Amino acid sequence: MSENLNELRQQLDAAKRRIDELEVLVRQKQAMSSGHEESRDEKGSDRNVAMVVFGASGDLAKRKTYPALYHLHAKKLICKDVLVVGYARTKMNADEFGAYMRDDVLKKSDGFEEFLSRCCYVSGNYDKPDELLQIDKEVRTRLQLEPEAAYDRIYYLALPPVMYEPVLKALHDSGINKKGSTRVIIEKPFGHDLESSCRMNSNLLRMYQESQLYRIDHYLGKEMVLNMIVLRFANSVFEPIWNNRYISNVKITLKEDFGTQGRAGYFDKYGIIRDVMQNHLMQIFALIAMESPVSLSAEDVRDEKVKLLRCCPPISMDDLVVGQYGTDATGKVVPYLKEEGVAQDSITPTFAAAIIRINNPRWSGVPFIVKCGKGLNERKTEVRIQFKQVGSHLFKDVAPNELVFIIQPKEAIYLKMMSKVPGFKNELVQSELNLSYDQRYGNGDQPDAYERLILDAFKTEHNLFVRTDELEASWSIYTPVLHYLQANRVKPTIYEFGTRGPKESDYLAYRYGWERHEGYCWPQYKSV
Ligand code: BG6
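The rules we used
Residues numbered from 1 in each chain as written. Predicted model: local features only at pLDDT ≥ 70, side-chain atom pairs only at ≥ 80, totals over all residues. Heavy atoms only, no water. Buried < 20%, exposed > 50% of the residue type's maximum accessible area, 1.4 Å probe, protein only. Helix = DSSP H or I, 4+ residues; strand = E, 2+ residues; numbered from the N terminus. Pairing = 2+ DSSP bridges. Near = heavy atom within 4 Å. Polar contact = N/O pair within 3.5 Å; in protein donor to acceptor, adjacent residues only side chain to side chain. Areas by Shrake-Rupley, 256 points an atom, 1.4 Å probe, with all protein chains shown as cover. Nonpolar A, V, L, I, M, F, W, Y, C, P; charged D, E, K, R; others polar. Contact = heavy atoms within 4.5 Å. Expected span 1.5 Å × (residues − 1). Bend = angle between axes of the 7 residues up to and from the residue. Patch = residues over 30% accessible without salt bridge, like charges linked within 9 Å, V, L, I, M, F, W, Y side chains within 5 Å. Salt bridge = Lys/Arg side-chain N within 4 Å of Asp/Glu carboxyl O. Axes fitted to C-alpha atoms, helices over the stretch in contact; angles between N-to-C directions. Phe/Tyr/Trp six-rings, centres within 6.5 Å; stacked < 30°, edge-to-face > 60°. Lys NZ or Arg CZ within 6 Å of the ring centre and 35° of its normal.

## What about the pairing of strand β11 (residues 380-387)?
(1) Moving on: Burial within β11 is extensive, with eight of its eight residues counted as buried.
(2) Moving on: Taking every second residue as pointing to the same face, both faces of β11 are buried, with Lys380, Glu382, Arg384 and Gln386 on one and Thr381, Val383, Ile385 and Phe387 on the other.
(3) Moving on: Of the strand pairs in this sheet, strand β7 (residues 247-255) and β11 are connected by eight bridges, and their pairing is antiparallel. Bridged to asparagine 249 within β11 is glutamine 386.
(4) Moving on: Strand direction decides the pairing type here: β11 and strand β12 (residues 402-408), joined by six bridges, are antiparallel. Residue pairing across strands places glutamine 386 opposite glutamate 402, the latter belonging to β12.

Right under this line is the structure:
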């Protein structure tokens, strides 16, 4: 009898082990399929998921987070039973919150009401553990969970960074994180220099593991930025010429034709270098310049970015131009210094251009010119890779080849090259090989960067998020000049709103070998 019982127990154990193995296999398969609909925690189990949006009554949540969640839900890319809990201090009931979210566009969109039925709202303070427990209560009621049942949480902090630590600590202390997995999505600015960033990171890492943190840099979710790694490593033509033997300089530009758009209070504390250069432009830079990663896994790709950033010495003051927009030619635009929330004697730059150097065998001697600004002549983000002169004795007036990636507003890649003018004349003209996304792929419905990033957080995929060491390596490049500007109260050059920015920026680029060809105009330029 007891022998039979033992045999049965062994068979049961073997069966249990087999079930475990099969579950692992199923989960691996699901993780590999791109559009999977269930959420998983770090160990990979499927269960109920609640997305908690802190700062739900604020601007970022309304403009970006909720629309992205709605689109993902409507496209069935996240589990249809997801629960989205909005949390903020503003007192509102569920109906009032629904009315607040139903803006003119969304309320007419398919599936929006269904999505809203998966949303609820809780009001309370951010730093009081007992008040935050209301979230847990709401989740358990809505998902019909037993008090001990586990569920997965994704916290989206649509809050000013000063709130990150208090709210994450209060959540941690409340005990709400104990059952099931926890992921935390946060937005920049991640500190204002190397020291403050390190402090913030170490405080967060005391409560949460690196694998639980998802630091957003929304540029990583842009279509052309995602394409960089493919273009570089899935084509054989680029790699042999992607180095200091063939490339003269690289220019990465982010221009905006508007000012601070009502965010001057925030902007004045940070300035353009911290707002877009140290993060968005450095992510583009890293993807252009890094070595081939061992694999496409998040850790391998981020390892390569970190290695590259560590090869870059801090920017020198001689290689930096800062500007601040004044009024425009008509005198009608409010100059930066007169905007609400800006200190009267503010030295905060709204424009910056700098040279980044890379001390490694591939790039030594190739300057990377990074430039960004608000209140300029157009809205455009692009990368220009300028090749060295051909050095041919056969032709005169040969312009260097230039490979251009337009990241926005409309994605395109083109290679500027010399060609013969068709016909009897033996003339040369600068022409191009052209891949314009509109023409090639149509005006397809491309996902917004936030959609991609939030979806990746649902999938526990870290590739498009910024790792602690990456952040710190990037701050190391900028912190000395940021401190110098502040300590010496360096006055930015005032430039006219709606122009190309301070002339000094062009002089800086010319000094590093950049050539501007006035004669050439990319044919699609007007439609961009
Ligand atoms: C944000 C900055 O991170 O990026 C803004 O805070 C800037 O100042 C914006 O305008 C640019 O993003 P995009 O996607 O509009 O180019």
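## Structural notes on the site of the ligand
(1) Moving on: For the ligand, the full set of nearby residues is Lys188, His218, Tyr219, Lys222, Glu256, Arg263, Asp275, Val276, His280, Lys374, Arg379 and Gln408.
(2) Moving on: Aspartate 275 places a side-chain nitrogen or oxygen 2.5 Å from an oxygen atom of the ligand.
(3) Moving on: With respect to the ligand, the side chain of arginine 379 contributes an N or O atom lying 3.3 Å from an oxygen atom.
(4) Moving on: Burial of the ligand by the protein chains amounts to 83% of its free accessible area of 400 Å².
(5) Moving on: Take the shell around the ligand: its biggest share by element is three residues, from helix α9 (residues 264-289).
(6) Moving on: Of the residues that constitute the shell around the ligand, the class distribution is two nonpolar, three polar and seven charged.

## Some thoughts on the pairing of strand β13 (residues 412-420)
For a regular strand, side chains alternate in direction, first toward one face of the sheet and then toward the other.
(1) Moving on: Strand direction decides the pairing type here: β12 and β13, joined by five bridges, are antiparallel. Across the sheet, leucine 403 pairs through a bridge with leucine 415, a residue of β13.
(2) Moving on: Linkage of β12 to β13, two consecutive antiparallel strands, is achieved through a turn of three residues.
(3) Moving on: In this sheet, strand β14 (residues 428-436) lies alongside β13 in antiparallel orientation, the contact comprising nine bridges. Bridge pairing in β14 places methionine 418 opposite glutamine 430.

## Quick look at unusual backbone geometry
(1) Moving on: In this structure, the amide linkage connecting lysine 188 to the following residue, proline 189, adopts the cis form with an omega of 5°.
(2) Moving on: Locating proline 189 in the fold gives a position in the loop between β5 (182-187) and α7 (194-207).
(3) Moving on: Glutamine 408 connects to proline 409 through a cis peptide bond whose omega is 10°.
(4) Moving on: Mapped onto the elements, proline 409 comes out in the loop between β12 and β13.
(5) Moving on: Of note, glutamine 261 is a non-glycine position whose phi angle comes to about 50°, a positive value.
(6) Moving on: Here glutamine 261 lies in the loop between β7 and α9.
(7) Moving on: Unusually for a residue other than glycine, aspartate 397 sits at a positive phi of about 50°.
(8) Moving on: Among the structural elements, aspartate 397 can be located in the loop between β11 and β12.
(9) Moving on: Overall, aspartate 397 belongs to the exposed group, its relative accessible area being 73%.

## A closer look at the side chain of asparagine 279
(1) Moving on: When you line up the elements, asparagine 279 lands in helix α9.
(2) Moving on: Using a relative accessible area of 10% as the deciding quantity, one classes asparagine 279 as buried.
(3) Moving on: Leave out the neighbours within four places in its chain, and asparagine 279 touches Lys188, Asp217 and Arg274.

## Some thoughts on α9
(1) Moving on: Relative to the 38 Å expected for 26 residues at 1.5 Å per residue, α9 spans just 33 Å between its end C-alpha atoms, considerably shorter than the ideal helical length.
(2) Moving on: Helix geometry: α9 is bent most strongly at glycine 271, by close to 100°.
(3) Moving on: In terms of burial, α9 is largely enclosed, as 22 of its 26 residues are buried.

## Comments concerning a nonpolar patch on the surface
(1) Moving on: Taken together, Leu394, Phe395 and Leu428 make up a surface patch of nonpolar side chains, about 290 Å² in accessible area.
(2) Moving on: Leucine 394 gets classed as exposed once you look at its relative accessible area, which sits at 59%.

## Describing the sheet that holds strand β6 (residues 213-216)
(1) Moving on: Strands sit in the order β3-β2-β1-β4-β5-β6 across an open sheet of six strands; the sheet is parallel. Both edges of this open sheet fall to β3 (119-123) and β6, since each of them pairs with a single strand only. Within this sheet the neighbouring strands show an average axis-to-axis angle of 20°, counted without direction.
(2) Moving on: Sheet topology note: the β5/β6 ladder contains four bridges and is parallel.

## Notes on the packing of aromatic side chains
(1) Moving on: The final tally for this structure, using the stated rule, is 23 aromatic pairs.
(2) Moving on: Through successive ring pairs, a cluster of aromatic residues spans Phe267, Tyr325, Tyr336, Phe351, Tyr495 and Phe497.
(3) Moving on: One cation-aromatic arrangement involves lysine 222 over tyrosine 219; the distance from NZ or CZ to the ring centre is 4.6 Å.
(4) Moving on: Across from the ring centre of tryptophan 514, 3.5 Å away, lies the NZ or CZ of lysine 251, which sits over that ring.

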